[in-house]
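Residue strings, one per chain:
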Amino acid sequence: MIQEIKNNYGHLFEEELLQEINNVATFKEVPEGFELIRPGSYITAMPLILNGAIKILRGDTDGDELLLYFLERGDTCAMTLSCCLGHHKSEIKAVAETNATLVMIPVEKMEEWTAKYKSWRAFVFESYHKRLIEAIETIDSIAFLKMDDRLLKYLKDKTKINQTNIINNTHQQIAYDLHTSRVVISRLLKKLEQNGIVKLNRNTIEIVHF
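Residues numbered from 1 in each chain as written. Predicted model: local features only at pLDDT ≥ 70, side-chain atom pairs only at ≥ 80, totals over all residues. Heavy atoms only, no water.

## A look at the sheet that holds strand β2 (residues 35-37)
Turning to step 1, where the next piece is worked out: On the basis of which strands lie adjacent, the open sheet formed by four strands has the order β2-β6-β4-β5 and antiparallel pairing. Each edge of the sheet is formed by a strand with only one pairing partner; in this case those strands are β2 and β5 (65-71). Here the average twist between neighbouring strands, direction ignored, is 30 degrees.
Turning to step 2, where the next piece is worked out: Against the sheet, helix α7 (residues 171-178) touches β4 (54-59) and β5, its axis set at about 90 degrees to β5. (Pairing = 2+ DSSP bridges. Helix = DSSP H or I, 4+ residues; strand = E, 2+ residues; numbered from the N terminus. Axes fitted to C-alpha atoms, helices over the stretch in contact; angles between N-to-C directions. Contact = heavy atoms within 4.5 Å.)

In structure tokens form, the structure reads like this:
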């Protein structure tokens, strides 16, 4: 496991910290769709992503959800960090967007490493900054973009995360992520198809060009 950790985080962390991660962390492989974190649960370990992608969602009391951002290789989740350090229950849901490989860091190591390693502190603060910017972009898209623009941004993000122009989500799944109705998504996708941007197949959406 140490080599995979070095390949993904060696440019960020010093050798001593990399060795500590290898000694205390748990290696975890999860399939696409696996729910890593659910709202209301206590978080006992923080994930570092070796490969794959995780999507972070925020839900309401009615069970509706909104996609906040994606996490990729070399990332971690600032909201998970916050819950770990503050011993709070999770307010987000984390689901594997693709098959993913993670290194799970025990929660008790968070404060210890923050005090002990300058590189870890920098990583934590940079993670907070990146996730805050992404959350602001999500708020901006809801406040200022029309749904067709939000859908187009979503499709671009999906192709980048999955590294393919074929999207396997159903119209209903996209509607859940964007907090709207399936009918609206189907109508907008049909419009994108008419404009030559996508090609709609039975169970997939093919991105022709943006």
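## Some points on the packing of aromatic side chains
Turning to step 1, where the next piece is worked out: Enumeration over the complete set of coordinates arrives at six aromatic pairs.
Turning to step 2, where the next piece is worked out: Aromatic side chains Y9 and F13 sit 5.8 Å apart centroid to centroid with 5 degrees between the ring planes, which places their arrangement in the stacked category.
Turning to step 3, where the next piece is worked out: Taking relative accessible area as the criterion, F13 reaches 4% and is therefore assigned buried.
Turning to step 4, where the next piece is worked out: For the pair F13 and W120, a centre-to-centre distance of 5.5 Å together with 45 degrees between the ring planes defines the contact as tilted. Of this pair, F13 sits in the loop between α1 (2-9) and α2 (15-24) while W120 sits in helix α5 (residues 118-144), placing them 107 residues apart in sequence. With respect to class, F13 is no different from W120; both count as buried.
Turning to step 5, where the next piece is worked out: Put simply, the rings of Y9, F13, W113, W120 and F123 pair up and form one aromatic cluster. (Phe/Tyr/Trp six-rings, centres within 6.5 Å; stacked < 30°, edge-to-face > 60°. Buried < 20%, exposed > 50% of the residue type's maximum accessible area, 1.4 Å probe, protein only.)

## A word on the sheet that holds strand β9 (residues 198-200)
Adjacent strands of a sheet pair through backbone hydrogen bonds, lying either parallel or antiparallel.
Turning to step 1, where the next piece is worked out: Taken together, the three strands give an open sheet; going across it, the order is β8-β10-β9, and neighbouring strands pair in antiparallel fashion. The open sheet terminates on both sides in strands that have one partner only, identified here as β8 (166-167) and β9.
Turning to step 2, where the next piece is worked out: By the bridge criterion, two bridges tie β8 to strand β10 (residues 205-207) in an arrangement that is antiparallel. Bridge assignment links I167 to a residue of β10, and that residue is I205.
Turning to step 3, where the next piece is worked out: Contacts from helix α8 (residues 182-194) reach β9 and β10 within the one sheet, and its direction differs from that of β9 by about 120 degrees.

## A word on the nonpolar core
Turning to step 1, where the next piece is worked out: Counting residues in each nonpolar core, the largest one holds 22 residues, and the members touching the most others are L151, L155, I174 and L189.
Turning to step 2, where the next piece is worked out: Of all elements in the fold, only β5, α6 (147-162), α7, α8 and β10 reach the threshold of two or more residues within this core.
Turning to step 3, where the next piece is worked out: At five residues, the largest contribution of residues to this core is made by α6.
Turning to step 4, where the next piece is worked out: Apart from residues no more than four positions distant in its own chain, L189 is found in contact with L151, L155, H171, I174, V198, L200 and I205.
Turning to step 5, where the next piece is worked out: Counting 18 residues, the second-largest nonpolar core is a separate cluster that includes Y9, L18, W113 and W120. (Core = buried A, V, L, I, M, F, W, Y, C linked by side-chain atoms within 4.5 Å.)

## With respect to the packing of α6 against α8
Turning to step 1, where the next piece is worked out: Between α6 and α8, whose axes approach to 10 Å, the crossing angle comes to 75 degrees. In terms of orientation, α6 lies roughly perpendicular with respect to α8. Two secondary-structure elements touch here, α6 through M147, D148, L151, L152 and L155 and α8 through V184, I185, L188, L189, K191 and L192.
Turning to step 2, where the next piece is worked out: Residue classes in the contact of α6 with α8 are distributed as nine nonpolar, no polar and two charged. (Parallel < 35°, antiparallel > 145°, perpendicular 65-115°, else oblique. Nonpolar A, V, L, I, M, F, W, Y, C, P; charged D, E, K, R; others polar.)

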